[in-house]
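Structural characterization, general
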Amino acid sequence: MKTYLTIWFSSEGAGPVIVAEKLRNMGFEPLKGQYDHVYDWGRKVELEDVLQIGTAVHETLKGLKVLYKLETI
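Our subject in this report is the structure included herewith. (Residues numbered from 1 in each chain as written. Predicted model: local features only at pLDDT ≥ 70, side-chain atom pairs only at ≥ 80, totals over all residues. Heavy atoms only, no water.)

1. Things to note about the overall build of the chain
Counting secondary structure elements, the chain contains 2 helices and 4 strands. Moving toward the C terminus, one meets the helices and strands of the chain in the order β-α-β-β-α-β. The C-alpha radius of gyration of the chain comes to 12 Å, within 12% of the 11 Å expected for a compact globule of 73 residues. The C-alpha extent of the chain, read off along each of the three principal axes, is 35 × 25 × 20 Å. Considering the chain as a whole, with its 73 residues, one finds that 30% of them fall into the buried category. On the chain, roughly 4,900 Å² of surface is accessible, and the fraction owed to carbon and sulfur atoms is 53%. Taken together, the 9 basic and 10 acidic charged side chains of the chain have centroids lying 3 Å from each other. (Helix = DSSP H or I, 4+ residues; strand = E, 2+ residues; numbered from the N terminus. Rg over C-alpha atoms; globule rule 2.2 N^0.38 Å. Buried < 20%, exposed > 50% of the residue type's maximum accessible area, 1.4 Å probe, protein only. Areas by Shrake-Rupley, 256 points an atom, 1.4 Å probe, with all protein chains shown as cover. Lys, Arg positive; Asp, Glu negative; His and termini not counted. Charge placed at Lys NZ, Arg CZ, Asp CG, Glu CD.)

Here it is as C-alpha cells:
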C-alpha cells in the first residue's frame, strides 16, 4: 500500500524545499504529477497505521502554514 500526499502552499508559509525536506525525513518521497509525495508502506496496512502516519504528518507540518491531503491506496 501507499500513502499519497498533496500539499497546498501559501506565500505566507514555508517553501517547497523546506516542506519536502521535512517529509523526506519521515520517509516520503517527492513525486511529479497528481500527487506531491508518496510513502510506500511495502505491505498492507491497517487503519491504525494510516492514523499514525497522519498524526506524524500533522505534527511535522504544524506551523509551516501549508494545507495537505492524505490518501492511502
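2. Some words on the pairing of strand β1 (residues 2-8)
Within β1, 5 of the 7 residues are buried, which leaves it mostly tucked inside the rest of the structure. Where β1 meets strand β3 (residues 37-40), 4 bridges bridge the pair, whose relative direction is antiparallel. If you follow Thr3 over to β3, its bridge partner there is Tyr39. Pairing analysis gives 6 bridges linking β1 to strand β4 (residues 67-72), with the strands arranged antiparallel. Counted as the bridge partner of Thr6 is Lys69 from β4. (Pairing = 2+ DSSP bridges.)

3. Things to note about the sheet that holds β4
If you walk across this open sheet you meet the 4 strands as β2-β3-β1-β4, and the pairing is antiparallel. In the strand order of this sheet, the two ends are held by β2 (29-30) and β4, each with one partner.

4. Notes on the environment of Thr60
Position of Thr60 relative to the elements: it lies in helix α2 (residues 47-61). Spatially, the C-alpha atom of Thr60 lies 20 Å from that of Leu47, the residues being 13 residues apart in sequence. With residues near it in sequence (within four places) discarded, Thr60 still touches Lys22 and Met26. (Contact = heavy atoms within 4.5 Å.)

5. What about the environment of Tyr35?
In this structure, Tyr35 sits in the loop between β2 and β3. By relative accessible area, which is 13% here, Tyr35 ends up buried. With 28 residues separating them in the primary sequence, Tyr35 and Ile7 have C-alpha atoms 8.3 Å apart. Contacts of Tyr35, omitting those with residues within four sequence positions, involve Tyr4, Leu5, Thr6, Glu71 and Ile73. Polar contacts involving the side chain of Tyr35 include one to the side chain of Glu71, which spans 3.0 Å. (Polar contact = N/O pair within 3.5 Å; in protein donor to acceptor, adjacent residues only side chain to side chain.)

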